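# Examining the three-dimensional arrangement
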Amino acid sequence: MAQRMKPVDAVIVGFGWTGAIMAQQLCDAGLSVVALERGAAQDTSTGFATTFDQDELRYMWRHKLFQNVAHSTLTIRNNPGQTALPMRHLGAFLLGTGVGGSGVHWNGQIWRALPSDFRTRSHNIERYGAASVEGLTVQDWPVSYADLEPHYNTFDLLCGTSGKAGNLGGATQPGGNPFEGPRSAEFPNPPLTYTYGPALFADAAARTGHHPFPHPAGNLSRPYTNPLGIQMGQCTYCGFCEKFGCGNYSKASPQASIIPYVLTKPNFVLRSESEVLRVERTPDGKRATGVTYVDSSGAEFFQPADIVVLAAYQLHNVHLMLLSGIGPPYDPATGKGLVGKNYCYQTMANIEVFFDDKLINPFIGAGSHASVIDDYNGDNFDHSRLGFIGGAYIAALVTGGRPIEMTRTPPGVPAWGLDWKRAAAKYYRRSFNLSVHGSSYAQRGNGLDLDPTYRDQFGRPMLRMTFDFSPNDVKMSNYCADRAIEIAHAMGVSAVKPKRLKTPFDIVPYQTTHTIGGTMMGATPADSVCNRYSQSWDVSNLFVTGAGLFPQNFGYNPTATVAALAYLSAEAIKTRYLKAPGALVTA
Amino acid sequence: MTLSRRWLWAALLAGTLLVAVVVVTWLDAMAAVRDTPGDPPPALVALLLRPIADGPNAEVIRRGRALTVAGDCVGCHTRADGLPFAGGLGIKTPFGVIFSPNLTGDRATGIGAWTADEFARAMAHGIGRGGEHLYPAFPYTYFRTVTRGDDDAILAYLKTLPPVRYTPPANRLVFPVSLRPAIALWNAAFLPSAAVRPNRSPEWNRGAYLVDGLGHCGVCHTPKTVALSDKAGEYLRGGKLDHWLAPDLTGNPRTGLGRWSATDIVEYLRTARNARANAAGPMAEVVTYSTALMSDADLASIAAYLKTLPASPEAVAVAPDAGAMRRGAAIYVDACASCHLADGRGQPRLFPPLPGNAGLQQASSTTLLHVILAGARTGPTPARPTATTMPSFAWKLTDGEVADVSTYVRNAWGNRAAPVGGDDARAMRRALRLTDAILPRPR
Amino acid sequence: MTHADDPARGMIGRRQLFALGAAGALGAAARHDGMVGGTSERIAGTLPWADGQADAPDDAIRAGTAFLTTAERAFVTAAADRLIPPDPTGPSASQADVPDFIDRQLAGGFGHGEHYYLAGPWAKGLPSQGYQSRLTPAAYYRAAIAAVADHVGREHGGKAFADLAPTDQDAVLKALEAGKVDLGQVDAKQFFAMFLQNVKEGYFSDPLYGGNRDMAAWKMIGFPGAHYDYSEWVTRHGEPVPLAPVGLTGRPGWRKA
């Protein structure tokens, strides 16, 4: 029998970026808030301190900051004809765990989507005809870039994003991304400084008619105090950023950017190692009454709340929705249902470049330290005769030189033996990588649902992922990879080693942790799980944050959009929902 | 002793009814007591900041609250897992452990039944309600300068605190100190006379009143004799306690506040950090629960007063060993530059700059060793909520390495202070019960 | 609690589950998702902190622990030295103590499958579904090495892998890499990939884990190690960075000569 806790105004499930943002927003509005985080507490000086943070084996390969699949995993298959099997070891994506979530080990890549990305379906049909979206289940978002812009800006201020605006209020700015949507303000901090690799790429890209600009970075170019009074430090380019926590407070993260403020609120409490099992509802199913959770002793609790916010990772939010029986579950075989629909990924290719005559020193790096071109992203280029829609940014992203992962060898060199060793010794310092970071558009056969066979440690059905890249995305990725190779040659490389998108989707090699969709937002309950305020169509006091809200994935890293959607949702709760609890959009 | 949750709740409820000060934030903060005993720091700060409702006595209570904050009463009168002001914190002295009493308005176990005269007598003379001598861990030697009007205001405020029925453990003291009358002898020997007020500005006098009275800064910052009385002629020149060194507050430019402006001092006391230093250890708590919540005028007064203290004498320089400096520099660049940067300039208000840093150059390396070995957390304050934390190096650096890097930072960039030996590092490691650095070291 | 791999089991305490590991593996006690464990905490004010608290590496404390038998160790040493052979460029795998590293890893959390889901039911699966064995990595190594020994014995008149000529050793390794050897319950290709990964881990990881002796592999490629502040080098394009490599527990320059 679950112990009943003191009722609160809002319970937040998961305490990463969006959990912390929602907590801050709702506490500032005077609500009593409890956040439940299934992982342990962790903080900068104790969990990923400068004294032991730079440990590639422990963090990257032994998954120190990642979800432990021994305790929590999901099953995976490429299509509905296969039998899904458990992901027994992390690989393709590296979910976070614990206080701060994946926001602890992310790179700090802070991108806004293009205005046209929010109208994927209608924009492409208008420009390229209905055939362009055939075979895809892409949808328009119920929010526009303009709706999100103020909230993107709030997140930039929270993080102290370092970058250069390319479009201020519609006026193109030299040095920034000319393709981006209009910004209401310049970045809070100037861009990071290029090391040799990004400088070579920026130069070659400009010479070949492209528009290079510094990657918008949550790695801070100078000390910064954000609007909540929280201080962050200046990045020292230590090169242990992506897949690592930041030891010197210079990477925006929940710990570095917002948690210290939230925890000072007297109307806020965080409970760690408290895993939510399901959302509880009234007998008619129309209202959430709270959540049931288990603590580390195995004791079960019921936390009553007027508002429930699912702020766990996208996959876990979808899992909780399915386990709680909220919304019609999606069946990838028939295409019926909504919860779990339009699961998408990010379509990645990598172009390794080698120089006989240049020392790149890739160990000098940061998670978002890059020069980038956006010329081939979204609809920034003419797709008329290309046979695909969507695109990718191409980034000379030098995040560091962790030697187990990043000892690159030119094409033709075997993976081991004396030739490998000599090439590794020569090229470790003389190589880096161009990241081709592309969109992932939904198709019917992909989706998330409950596994019929495998159960998790609580006896619940595991989440089942059915995913493969669509033919559209394969074409897109190869086209953009070819452009990256052209620019690579313009850099004067001695060798190029393309690592193109591989099909079928393979869970073994790391690709990216940008899993999205499954609780998508939309204009009507017929086509989506949540409305434009991240509010469940079925349960009006249930709000769902995260990339699950995306109807499909654009060519950018999702975090800033995830944060902006959370701010938009919080604003609606504060200004409208609290005055008149109920559906914020009439179905 | 363990209190039943139900009882605590009842006590809190009764308390709220009694004082009829029902404030949402306070209720929320305290309601948490139901599921887990223990009141964490923010609720404590929230309690100290909670609005005081208008009423006939409101001005006195508000003034009493400000004085209670200035005296950091909550610092000693709240135990780690206890309710605010309910006492029970064990204060370690060379003579044993003294447990702080309950200051809440409970009549049986707190100060609910105390009269204003009784309270004023305790503040001025260290005499308890029953006529017993209080131990000078309660700094009545400082509080005796507090005016009767201020004493009354403090009591008025304390009586608004929700009563908590809690009796702290009995003191554990060695004989003959365990006999309270022995304190009379101590009083006779050491109780200073009330401070003389020279013809200074009202601001200076207010600063002196706070520093020497309620602020009881000298408890930590003035060196003590073996009998724990203030050492004559060493007023606020830095004192050791609990494996920390409360630094020199005089005008000494190397070890004291000589290079600090009054604005620096105010910023430090308000935010727990300034361009020169971060408050860590016991001072971090003093800032979080006391000075950060004081008025601008009072902080300015304290700064104005401290800035007039004559400099302590310069220590005799001892040249450090060249080998220690060379090794220390190597350790510094690998282990410290991540935050304090290669040239030591740090990132002010986040990671303190080391050149010219007074804390580093104290005669004693106590605080430096403490911070390197155990780590240290900057006090979170409303203005600057980040509790920037230096990580612990105990697992990482050997005693010799700790000593060498300490010697280095005390003598690099124009700094000058006595070298540190491995024995000092070892003693601190033992005293703090920290792990040894036993991991294999690369050749 | 013997039902850890039974999907239909009732609710049991999470702590017990963590202690058991998903397949009853040992060594996962008191750690939650790879982090400092402990009980559920009620957190307000600031994140918890205490004097001396550091989630410092502890695997290296298991120095001296061993999993491999003498024969297994001989295989690991010989095979690792074909993957990273000796030459003047830098140390071989065994010169860098990679076999020590692998032995300790197999004896520790990695070997126990601390971060592997190993409960059933089990199926062979497709390559895109990754590791599908019921074995912990340590057991997987044991089974693989035994099967390789059988294979080598059959093909080379009873010889052990370590006793083969280097060209023959390479041929065996290439056959494993291509998945052309049947190792029974072990997938040859998957084992080879795991072994190659572990060899590179031992060669390039921080020396406190027992490999990368004298940081020689870092010196070979020019990686400065756990150096935190490169600010002054950011704009010095193309210049050599002559910093002495440093591990998490220092470098010779920290100590008396």
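As a reminder, the structure under discussion sits directly above these lines.
Notes on the structure in this doc start here. Position numbers for residues start from 1 in each chain and track the written sequence from start to end. A letter from A marks each chain and a number from 1 marks each ligand, given out in the order of writing. At least 70 in pLDDT is required for a residue's local features to be given in this predicted model, at least 80 for side-chain atom pairs to be given and counted, and no such filter applies to totals for whole chains, interfaces and linings, which use all residues. Side-chain measures were taken over the full set of non-hydrogen atoms in the model, leaving aside hydrogen atoms and water.

## Some remarks on the interface of chain C and chain A
Across the contact, 102 residues belong to chain C and 106 residues belong to chain A. Between chain C and chain A, roughly 8400 Å² of surface is buried when both sides are summed, and carbon and sulfur atoms account for 58% of that area. Should a side-chain nitrogen of Lys or Arg be within 4 Å of a carboxyl oxygen of Asp or Glu, the pair is scored as a salt bridge. At the boundary of chain C with chain A, the tally comes to 5 salt bridges. A salt bridge links A:Arg58 to C:Asp55; the shortest N-O distance between them is 3.4 Å. Identification of polar contacts relies on pairs of N or O atoms within 3.5 Å, with a donor-acceptor requirement for protein atoms, meaning one able to donate a hydrogen and the other able to accept it, and with residues adjacent in sequence counted only if both atoms are side-chain atoms. Run the count over chain C and chain A and you get 35 residue pairs in polar contact (both at pLDDT 80 or more). In terms of residue count, helix α6 (residues 188-204) of chain C provides more of the side of chain C that touches chain A than any other element does, 8 residues in total. Under this grouping Gly is polar, as are all residues other than the nonpolar Ala, Val, Leu, Ile, Met, Phe, Trp, Tyr, Cys and Pro and the charged Asp, Glu, Lys and Arg. Looking at the side of chain C that touches chain A residue by residue, the classes come out as 51 nonpolar, 32 polar and 19 charged. Any pair of residues with heavy atoms lying within 4.5 Å of one another is described as a contacting pair. Here the quantity called buried area is the accessible surface, traced with a 1.4 Å probe, that two parts lose on coming together, added over both. Numbering of helices and strands runs from the N terminus; a helix is a DSSP stretch of H or I covering at least four residues, while a strand is a stretch of E covering at least two.

## Section: the side chain of B:Asp334
Mapped onto the fold, B:Asp334 is located in helix α15 (residues 322-340). The class of B:Asp334 is buried, set by a relative accessible area of 9%. Not counting residues up to four positions away in its chain, the partners in contact with B:Asp334 are C:Ala226, C:His227, C:Val246, C:Arg251 and C:Trp254. Three exposure classes are used, based on accessible area relative to the maximum for each residue type with a 1.4 Å probe and protein chains only: buried under 20%, partly exposed in between, and exposed over 50%.

## A look at the sheet that holds strand β1 (residues 90-93) of chain B
Residue and element names in this part refer to chain B. Two strands qualify as a pair provided that DSSP identifies no fewer than 2 bridges between them. Spatial ordering of the open sheet is given by β1-β2-β3, a layout of 3 strands whose pairing is antiparallel. Each edge of the open sheet is held by one strand with a lone partner, namely β1 and β3 (172-173). Note: β1 against strand β2 (residues 96-99), 4 bridges, orientation antiparallel. Its bridge partner lying in β2, Thr93 is registered against Gly96.

## Side note on the interface of chain B and chain A
At the interface, 30 residues of chain B touch 28 residues of chain A. Summing both partners gives a buried area of about 2300 Å² for chain B against chain A, and 57% of it is carried by carbon and sulfur. Ranking the residues of chain B by area buried against chain A places B:Gln347, B:Pro385 and B:Thr386 at the top, with a combined share of 21%. Counting every contact that joins chain B to chain A gives 1 salt bridge. Here A:Asp43 and B:Arg377 are joined by a salt bridge, their closest N and O atoms 3.1 Å apart. Counting every contact that joins chain B to chain A gives 9 residue pairs in polar contact (both at pLDDT 80 or more). Residue contributions to the side of chain B that touches chain A peak at 4 residues, all from helix α2 (residues 24-31) of chain B. Taken together, the residues of the side of chain B that touches chain A break down into 15 nonpolar, 7 polar and 8 charged.

## What about helix α4 (residues 137-155) of chain C?
Residue and element names in this part refer to chain C. One less than the number of residues in a helix, times 1.5 Å, gives the span that helix is expected to have. With 19 residues, α4 should cover 27 Å at 1.5 Å per step; its first-to-last C-alpha distance of 26 Å lies within 8% of that length. Taken as a whole, α4 has its buried residues at Pro137, Ala138, Tyr140, Tyr141, Ala143, Ala144, Ile145, Ala147, Val148, His151, Val152 and Gly153. Residues of α4 that are buried in the fold lie against α2 (70-83), α3 (98-107), α5 (166-177) and α6. Positive phi appears at Gly157, one or two residues downstream of α4, with a value of about 55 degrees.

## Overview of the packing of α2(C) against α3(C)
All names here are of chain C. For the pair α2 and α3, interaxial distance at closest approach is 9 Å and the crossing angle is 130 degrees. As far as their axial angle goes, α3 and α2 are oblique. In this structure, the crossing between α2 and α3 has a hand that is right-handed. Along its contact with α2, which presents Arg73, Val76 and Thr77, the element α3 presents Pro99, Asp100, Ile102 and Asp103. Of the residues in the contact of α2 with α3, the class split is 3 nonpolar, 1 polar and 3 charged. Each axis is a line fitted through C-alpha atoms, and for a helix only the stretch in contact is used; angles between axes span 0 to 180 degrees, taken between their N-to-C directions. What sets the label is the angle itself: under 35 degrees gives roughly parallel, over 145 gives roughly antiparallel, 65 to 115 gives roughly perpendicular, and the rest give oblique. Two helices that cross are described as forming a left-handed crossing if the nearer one is turned anticlockwise from the farther one by less than a right angle, and a right-handed crossing if clockwise.

## A short note on the packing of aromatic side chains
Aromatic contacts are taken between Phe, Tyr and Trp rings whose centres are within 6.5 Å, Trp giving its six-membered ring; a plane angle under 30 degrees counts as stacked, one over 60 as edge-to-face, and the others as tilted. As enumerated under the stated definition, the model contains 58 aromatic pairs over all chains in all. Ring geometry for A:Phe550 and A:Phe554: centres 5.2 Å apart, planes at 40 degrees, overall tilted. Per residue, the accessibility class of A:Phe550 equals that of A:Phe554, and both read buried. Seen from their ring centres, A:Phe554 and A:Tyr556 are 6.2 Å apart, and the 55 degrees between their planes marks the pair as tilted. Just as A:Phe554 is buried, A:Tyr556 falls in that class too. Three or more aromatic residues joined by ring pairs make a cluster, and in this case those are A:Tyr59, A:Phe240, A:Phe244, A:Phe363, A:Tyr428, C:Trp218, C:Phe223 and C:Tyr230. A ring has a charge above it when a Lys NZ or an Arg CZ is no more than 6 Å from the ring centre and no more than 35 degrees off the ring normal. Positioned above the aromatic ring of C:Trp122, the side-chain terminus of C:Arg134 is 3.9 Å from the ring centre. A cation over an aromatic ring shows up here: C:Arg142 above the ring of C:Phe67, its NZ or CZ 4.0 Å from the ring centre.

## Overview of helix α4 (residues 120-128) of chain A
For α4(A), the complete set of buried residues consists of A:Thr120, A:Ser122, A:His123, A:Asn124 and A:Tyr128. Phi for A:Gly129, located one or two positions after α4(A), is positive at around 90 degrees.

## Some points on the pattern of salt bridges
Evaluated as defined, the whole model comprises 64 salt bridges over all chains. Taking the shortest distance from any N to any O, the salt bridge between C:Asp87 and A:Lys421 comes out at 2.9 Å. Of this pair, C:Asp87 sits in the loop between α2 and α3 while A:Lys421 sits in helix α11 (residues 418-427), which puts the two residues in different chains. Here C:Asp87 falls in the buried class, since its relative accessible area comes to 14%. With a closest N to O distance of 2.7 Å, C:Arg142 and C:Glu72 form a salt bridge. Taken together, the positions of C:Arg142 in helix α4 and C:Glu72 in helix α2 put the pair 70 residues apart, joining distant regions of the chain. Assessed through its relative accessible area of 32%, C:Arg142 is described here as partly exposed.

## Section: the nonpolar core
Judged by nonpolar contacts, the single largest core of 221 residues is most densely connected at A:Phe15, A:Phe93, A:Phe155, A:Phe268, A:Met465, A:Phe505 and C:Phe195. B:Phe143, B:Ala208, B:Trp260 and B:Ala277 belong to the second-largest nonpolar core, a separate cluster that totals 56 residues. Among the buried residues, those of types Ala, Val, Leu, Ile, Met, Phe, Trp, Tyr and Cys that are joined through side-chain atoms within 4.5 Å form a nonpolar core.

## Some remarks on the environment of A:Gly290
Residue and element names in this part refer to chain A. For Gly290, the location among the structural elements is in strand β13 (residues 288-295). Between the C-alpha atom of Gly290 and that of Gly166, which follows or precedes it by 124 residues, the distance is 45 Å. Apart from residues no more than four positions distant in its own chain, Gly290 is found in contact with Arg278, Val279, Glu280, Phe302, Gln303, Pro304, Ala305 and Val308.

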